[in-house]
Number of protein chains: 2
Amino acid sequence: MNKCYWIWYQGDFELYHAMKQNFSRVERGFGWPAFWKSEGFRNRVAFRKRYMLVEETSFCVYSKAIGFVLVDDKKYPFGEKISCGPGNVKISVHAGCIESFPSIYIKGNAVYSDSSWQVEDYANPPVPAGYSRYFTDEKQEPSCWDYSESVYLPVSVEEYDGGVLYEFETELTAVLEIACKDGCRPFRVYCGESREEALDQEHCYYSWIPNPRTGRCPRCAVRYAYIPDCHKADIEVKAIHQYVDIPVRARFSSSDELIDRIWSVAAHTFRLCSGIFFIDGIKRDKWIWSGDAYQSFFVNQYLMADEDINRRTLLALRGNDPMTTHINTILDYTLFWILGIKAHCEAYSDQEFLHQIYPKMCTLMEFCETQLDENGFLAGREGDWIYIDWAELDKAGALCAEQMLYAECWRTMAMAGCMVGETSKRCEAYQKRYEELKKKIQTYYWDADKGAYIDSFTSGKRHVTRHANIFAILFDLADERQKKQIVNQVLDNDAIPQITTPYFKFFELSALAKMGRMEEVLSCIKDYWGGMLGRGAVTFWEEYDPNVSEEEQYDMYGDRFGKSLCHAWAASPIYLLARYFVGLEITDPAKEEYEIHPHLEHFDRVDCILPVGNKDIHILWDGMELKVTEDEKRDILA
Amino acid sequence: MNKCYWIWYQGDFELYHAMKQNFSRVERGFGWPAFWKSEGFRNRVAFRKRYMLVEETSFCVYSKAIGFVLVDDKKYPFGEKISCGPGNVKISVHAGCIESFPSIYIKGNAVYSDSSWQVEDYANPPVPAGYSRYFTDEKQEPSCWDYSESVYLPVSVEEYDGGVLYEFETELTAVLEIACKDGCRPFRVYCGESREEALDQEHCYYSWIPNPRTGRCPRCAVRYAYIPDCHKADIEVKAIHQYVDIPVRARFSSSDELIDRIWSVAAHTFRLCSGIFFIDGIKRDKWIWSGDAYQSFFVNQYLMADEDINRRTLLALRGNDPMTTHINTILDYTLFWILGIKAHCEAYSDQEFLHQIYPKMCTLMEFCETQLDENGFLAGREGDWIYIDWAELDKAGALCAEQMLYAECWRTMAMAGCMVGETSKRCEAYQKRYEELKKKIQTYYWDADKGAYIDSFTSGKRHVTRHANIFAILFDLADERQKKQIVNQVLDNDAIPQITTPYFKFFELSALAKMGRMEEVLSCIKDYWGGMLGRGAVTFWEEYDPNVSEEEQYDMYGDRFGKSLCHAWAASPIYLLARYFVGLEITDPAKEEYEIHPHLEHFDRVDCILPVGNKDIHILWDGMELKVTEDEKRDILA
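Chemist: An account of the overall build of chain A is requested, with residue identities and associated values reported.
Modeler: Along its length, chain A carries 14 helices and 27 strands. By the compact-globule yardstick of 26 Å for 638 residues, chain A fits well, its C-alpha radius of gyration being 26 Å. If one aligns the C-alpha atoms of chain A with their principal axes, the spans along those axes are about 75 × 75 × 55 Å. Partitioning the intrachain contacts of chain A with sequence separation of at least 6 by distance along the chain shows that 71% fall at a separation of at least 24. Just so you have it, chain A exposes about 24800 Å², and 47% of that area is on carbon and sulfur atoms.

The following block contains the structure:
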């Protein structure tokens with residue numbers, strides 16, 4: 001039997017589901033759709049393929065769209081057996097749909113739907129059809145994602161203040177199902193990522209009146225659930241956790257119990273935030289953010305090595321041409337999208353996807369070139385968000401950190417151009433843009449006296465933060481002498497404010513690891529992430545400042561429970577441990593070649609499995625000797 | 001009480017309903033969505049307005065979208081009473097919707113929704129909100145159009161070949177409702193624009209199995225309905241005609257009974273094709289075509305004078321920027337869109353709409369400028385449809401008729417630019433483009449020997465048809481001497497093939513009327529449209545060739561019932577009679593000024609009312625004297 005797929009216009013599946021995702025945020029009774037350009041899928045497409053059939057064959061087209069099948073010059077409705085051949089046959093399927101993207105499924109022996117079909121939208125040249133390994137059956141509907149489900153019962157049920165508090169073993173993305181012993185009555189259930197949140201009926205984010213028929217609540221982030229005015233004996237509560245089943249391929253256990261717990265909680269955090277797309281957090285924002293996704297690509301590579309979620313996330317973030325505003329409205333997040341493709345290709349090669357996405361890389365860079373200031377630096381316009389980090393940066397004029405990302409984008413373009421067979425003239429032009437920008441960054445932002453890059457030169461403040469200096473090390477914009485100065489003058493300098501987000505800890509610790517400061521990296525992982533565990537975390541947080549009291553630890557954005565307690569960007573210990581301590585680096589993803597540069601001297605024992613392409617690499621360190629073996633992974637889904 | 005409207009992003013209402021319209025064509029059991037770029041509405045918008053409130057006030061926001069209300073810094077859900085003021089208050093409403101366009105309705109004394117709200121889509125600068133006079137109640141849903149309904153019972157019921165044939169007094173766009181005396185059983189009903197079509201179960205376009213619960217069929221074009229295998233006594237059939245109630249303001253009666261019948265059938269044809277948008281025909285295609293709509297604007301001006309349907313149609317046709325393909329895929333239809341705005345403004349002034357649409361006129365013209373050939377003529381690319389008419393034209397290379405429309409577009413741009421306060425430099429540039437193109441048309445296409453414009457110069461055939469020559473007269477591209485030559489050498493020349501579509505008859509008869517050939521025009525109206533009446537027409541047809549036999553008169557596109565028997569472009573006698581015989585010409589639409597240049601010498605008596613702005617102009621001709629009076633129309637809907 002051939003492999004049939006549901007097919008659609010390339011990228012439409014991702015744009016549609018991304019919109020659903022980005023419109024799913026709820027805050028205290030109202031929906032909060034993401035505040036950026038939300039791109040439409042196409043509504044009218046045509047699928048085409050020519051066949052040379054050696055004998056007569058038949059097929060059937062399934063679709064919920066409005067349309068018909070055209071075989072040479074004869075039209076047929078959907079859902080009807082169509083015979084054709086032998087000989088040359090031209091088949092097209094015309095489909096229109098308003099509410100979601102048009103998709104079709106063709107079942108047949110010789111004629112069937114897969115990515116070899118071309119699809120057009122009447123505005124652009126035809127492209128290969130889009131498809132997903134999750135949609136291969138004619139009874140499915142690609143606009144509905146079928147989540148995997150696991151049922152969790154509460155691990156603790158406690159009568160509290162006239163009601164009942166339920167606790168689950170960990171945080172979940174779940175549909176609560178509530179049954180009353182003596183028939184259903186209207187009541188409200190209050191959910192929380194923390195005990196405090198569930199008990200705070202005024203300030204908790206999610207509260208629901210269960211569907212009177214099914215007793216079910218909408219899917220949401222929940223660890224604790226509180227039902228006022230009731231007794232234990234009257235009510236039964238279960239949580240139906242709904243998730244995208246992306247298998248974890250990595251395993252890590254070591255002589256250091258704290259590190260093992262950090263790995264395990266990071267892995268759980270990361271899986272919760274890895275659905276159809278990489279999202280920031282499961283309670284808030286539930287949105288697809290480019291900078292957050294960029295870090296997820298690195299964790300994914302070492303934990304799940306799932307290429308598909310990267311592709312879906314990158315397609316969702318970029319949207320359609322023409323590009324008119326920054327991704328997520330954030331200048332740096334536009335640039336991280338390009339760098340994300342670099343990370344993706346360095347992990348999986350994925351020539352097919354690079355060829356698909358390369359034109360959009362070009363149009364993104366063209367958009368950026370319309371945003372240059374008089375010095376040729378990439379600057380924000382009114383309405384653009386210059387983010388970099390939740391930190392006090394001097395954001396007057398063009399920011400150093402942004403130019404560093406922009407320079408790395410030009411280097412990425414040179415690499416990508418070369419990989420897709422772009423003219424050498426064009427590739428050289430990319431490389432030249434990189435070299436020029438790199439030079440200009442030195443001239444405008446390097447402060448030799450301070451031994452550091454300044455945030456910005458416009459204000460004259462010559463303000464130094466860790467951020468640009470970390471990028472300078474990571475992206476090799478500083479030379480070796482400068483890098484050492486940066487470590488001394490900035491990273492080791494307590495006068496420079498500490499990083500307070502796990503987001504930038506990822507970059508900082510990567511930079512430190514790159515500079516060989518493994519002991520500092522390990523102790524930071526243990527202090528910072530261990531600190532959250534000490535505060536009772538079962539998933540890692542959006543932000544953690546050890547100096548903030550327990551009473552205020554869930555506070556953020558001036559909101560009592562504003563902080564997300566399950567945030568993807570806090571899962572980076574997985575990357576740091578795998579990439580810098582185990583030391584596994586993929587050197588040729590197409591050939592599944594890798595090198596191991598271990599720094600396991602800090603452990604008595606490490607037993608770990610890490611994925612490289614289809615291989616599972618088993619690394620065993622007994623304190624004396626490193627043993628590396630390979631298992632061929634069976635591809636369970638493709 | 002203030003006038004509250006449902007509001008949305010300008011144009012989204014039209015794009016959404018246009019998609020529904022263009023996806024509504026059905027042919028023998030399958031849907032046929034229009035084969036051109038179908039534009040998406042926006043999915044995420046924000047509405048904003050600042051108020052200076054003299055006292056505290058309250059309001060409520062209604063919406064089916066996902067979102068919230070922001071009053072200064074405080075968020076509220078939809079559907080809740082919100083109090084604010086006194087003082088300066090900043091209100092924004094955030095709304096996202098996937099399946100249709102986000103719309104909101106704000107009810108309140110001081111704070112309420114109308115076009116004074118600004119709306120943005122996160123990609124472009126804010127624009128005034130869109131609205132419709134048909135959506136003014138919070139219980140409505142702007143994605144659902146509430147049609148007006150009239151019930152028609154059959155005027156004839158006839159047992160035929162074992163079944164029953166029902167005939168209605170005229171053609172309708174109706175939901176058939178079918179009741180069986182002894183309970184419902186599954187059966188199929190066959191619809192036809194003609195008796196022959198309804199009786200031809202294999203070839204008729206629409207056949208339905210009524211909904212078993214309601215007995216209702218989908219809305220479709222129907223004059224005859226046939227139900228096989230049943231008897232008169234067992235079944236009751238009624239037709240629920242669904243329509244947009246646009247009042248007819250004109251009235252026409254004369255001493256010529258045939259002309260009166262032609263007017264009346266044309267008016268009925270036109271009303272059937274005037275729904276949310278001007279469509280081509282009610283059985284087929286049910287699509288919004290730009291060239292067809294262009295003619296409808298002229299008929300509308302004299303029959304209903306409804307500005308709104310023009311605006312909706314123009315917005316629907318143009319879609320979003322960037323423009324990448326021709327409107328309806330047809331080069332000439334792109335150009336007719338610009339000319340349609342000229343027709344609209346000449347009838348209604350409508351500065352507000354012109355200001356709204358002018359940027360899209362500019363981007364359309366910019367798109368055209370990317371499509372010029374080496375001579376600076378507008379040419380088709382692969383995939384473009386060069387239509388002009390169903391006729392044998394020499395379509396090699398750039399077509400004369402297209403350049404004539406293009407020239408008229410530049411003239412329109414000069415006029416529109418001047419009206420919206422464009423710089424005089426820009427307006428002069430438009431005018432210069434017009435002059436240059438006009439000159440080049442003379443050089444390349446005028447054949448002095450033939451006394452005619454040739455279709456094309458590329459093939460060397462120097463082929464002459466009526467089409468370009470008609471445009472040359474209508475758009476004053478020919479000088480007076482040339483015009484006379486054209487009349488002699490082309491229009492009066494039987495060797496040049498006759499026009500066979502009412503579509504181009506509109507242009508031809510307008511040109512003849514402009515040249516004072518009133519007798520020929522009148523006799524053509526009587527012969528051609530009267531000819532259709534002679535064939536039993538109750539609505540006017542897409543095409544009529546008197547030389548085709550009655551057996552083949554419904555045949556078109558190689559299809560037994562392919563011809564549309566109720567086609568908007570066949571309604572032009574209304575325009576021709578009003579504009580050239582009654583002779584009413586609007587000279588200043590803003591001031592409701594008009595002139596009458598009557599040619600009523602061909603009638604013994606004419607009693608007619610024609611609309612000019614809010615005035616109804618009553619024109620009475622008794623064969624001797626012309627009497628003109630004015631009534632102020634009460635604006636019943638605004």
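From this point, the discussion proceeds with the structure in view.
Chemist: Lay out unusual backbone geometry with the relevant residues and their values.
Modeler: Omega for the bond connecting B:G85 with B:P86 falls within 30 degrees of zero, at 0°, which places this linkage in the cis form. In this fold, B:P86 is placed in the loop between β8 (82–84) and β9 (87–96). Although it is not a glycine, A:S349 adopts a positive phi angle of roughly 65°. Tracing the backbone shows A:S349 in the loop between α6 (331–348) and α7 (351–369). The class of A:S349 is buried, set by a relative accessible area of 10%. Unusually for a residue other than glycine, A:D350 sits at a positive phi of about 50°.

Chemist: Explain the environment of B:T363 residue by residue, including any values.
Modeler: Residues and elements named next belong to chain B. With respect to the helices, strands and loops of the structure, T363 is situated in helix α7 (residues 351–369). On a C-alpha basis, the gap between T363 and F603 in space is 47 Å, while along the polypeptide they are 240 residues apart. Apart from the residues within four sequence positions on either side, T363 is in contact with R318 and D321.

Chemist: Summarise the sheet that holds strand β25 (residues 606–612) of chain A; cite the residues concerned and give the values.
Modeler: All names here are of chain A. In spatial order, the strands read β20-β25-β26-β27; together these four strands make up an open sheet with antiparallel pairing. The sheet is open, and its two borders are formed by β20 (251–254) and β27 (626–632), each paired with just one other strand. Strand-to-strand twist of the sheet, defined as the mean angle between neighbouring strand axes without regard to direction, takes the value 20°. Where β25 lies against strand β26 (residues 615–621), seven bridges are found, and the strand directions are antiparallel. Bridged to D607 within β26 is L620.

Chemist: Tell me what's going on with the packing of aromatic side chains, and back it up with residues and numbers.
Modeler: All names here are of chain B. Taken as a whole and judged by the stated rule, the model has 138 aromatic pairs over all chains. Ring centres 6.1 Å apart and planes at 45° place the aromatic pair F13 and W145 in the tilted group. Of this pair, F13 sits in helix α1 (residues 12–22) while W145 sits in the loop between β12 (127–128) and β13 (148–152), and the two are 132 residues apart along the sequence. Its relative accessible area of 0% is what places F13 among the buried residues. Here F336 and F471 contribute two aromatic rings whose centre-to-centre distance is 6.3 Å and whose plane-to-plane angle is 75°, an arrangement assigned as edge-to-face. With a gap of 135 residues between them, F336 in helix α6 (residues 331–348) and F471 in helix α10 (residues 466–474) connect regions that are remote in the sequence. By relative accessible area, which is 2% here, F336 ends up buried.

Chemist: Before we move on, can you summarise the relation of the copies chain A and chain B with the specific residues and values?
Modeler: Each of the two chain copies can be brought onto the other by rotation about an axis and movement along it. By a simple turn and slide, chain A fits onto chain B: the slide is 0.0 Å along the axis, the RMSD is 0.0 Å, and the turn is 180°. The superposition operator between the copies reduces to a two-fold rotation axis. Ranked by how close their C-alpha atoms come to the rotation axis, the residues of chain A are headed by A:E99, at 2.0 Å. The residues that chain A uses at the interface reappear at the interface of chain B in 100% of cases, marking a shared surface.

Chemist: Before we move on, could you go through the packing of helix α4 (residues 290–303) of chain B against helix α12 (residues 502–514) of chain B and cite the residues and values that matter?
Modeler: Residue and element names in this part refer to chain B. Two elements in contact, α4 and α12, have axes separated by 11 Å at closest approach and are oriented at 50°. Judged by the inter-axis angle, α4 sits oblique to α12. Remark: the crossing between α4 and α12 carries left-handed chirality. The residues of α12 that touch α4, namely those facing G291, D292, Y294, Q295 and F298, are P502, Y503, F506 and F507. Split by residue class, the contact of α4 with α12 holds six nonpolar, two polar and one charged.

Chemist: So what's going on with helix α5 (residues 307–318) of chain B? Which residues, and what values?
Modeler: Residues and elements named next belong to chain B. Between the first and last C-alpha of α5 there are 17 Å, a value that for 12 residues agrees with the 16 Å anticipated at 1.5 Å per step. Every buried residue of α5 is accounted for by D308, I309, N310, R312, T313, L314, L315, A316, L317 and R318. Against the buried residues of α5 lie α1, α4, α6 and α7. Where α5 terminates, the next one or two residues include G319, which has phi positive at roughly 70°.

Chemist: I'd like a description of the pattern of salt bridges, backed by residues and values.
Modeler: Taken as a whole and assessed by the stated rule, the structure comprises 93 salt bridges over all chains. For A:K75, the salt bridge is made with B:E27, and the minimal N-O distance between the two is 3.4 Å. One end of the pair, A:K75, is in strand β7 (residues 74–76); the other, B:E27, is in strand β2 (residues 26–27), on a second chain. Residue A:K75 is classed as partly exposed on the basis of its relative accessible area, which comes to 25%. A relative accessible area of 6% places B:E27 in the buried class. B:K107 serves as the salt-bridge partner of B:E138, at 2.8 Å between the closest nitrogen and oxygen. Taken together, the positions of B:E138 in the loop between β12 and β13 and B:K107 in strand β10 (residues 103–108) put the pair 31 residues apart, joining distant regions of the chain. The exposure class of B:E138 is buried, given its relative accessible area of 19%.

Conventions used here
- Residues numbered from 1 in each chain as written.
- Chains lettered and ligands numbered in written order.
- Predicted model: local features only at pLDDT ≥ 70, side-chain atom pairs only at ≥ 80, totals over all residues.
- Heavy atoms only, no water.
- Helix = DSSP H or I, 4+ residues; strand = E, 2+ residues; numbered from the N terminus.
- Rg over C-alpha atoms; globule rule 2.2 N^0.38 Å.
- Contact = heavy atoms within 4.5 Å.
- Areas by Shrake-Rupley, 256 points an atom, 1.4 Å probe, with all protein chains shown as cover.
- Buried < 20%, exposed > 50% of the residue type's maximum accessible area, 1.4 Å probe, protein only.
- Pairing = 2+ DSSP bridges.
- Axes fitted to C-alpha atoms, helices over the stretch in contact; angles between N-to-C directions.
- Phe/Tyr/Trp six-rings, centres within 6.5 Å; stacked < 30°, edge-to-face > 60°.
- Least-squares fit on C-alpha atoms with pLDDT ≥ 70 in both.
- Parallel < 35°, antiparallel > 145°, perpendicular 65-115°, else oblique.
- Left-handed = near helix turned anticlockwise from the far one by under 90°.
- Nonpolar A, V, L, I, M, F, W, Y, C, P; charged D, E, K, R; others polar.
- Expected span 1.5 Å × (residues − 1).
- Salt bridge = Lys/Arg side-chain N within 4 Å of Asp/Glu carboxyl O.

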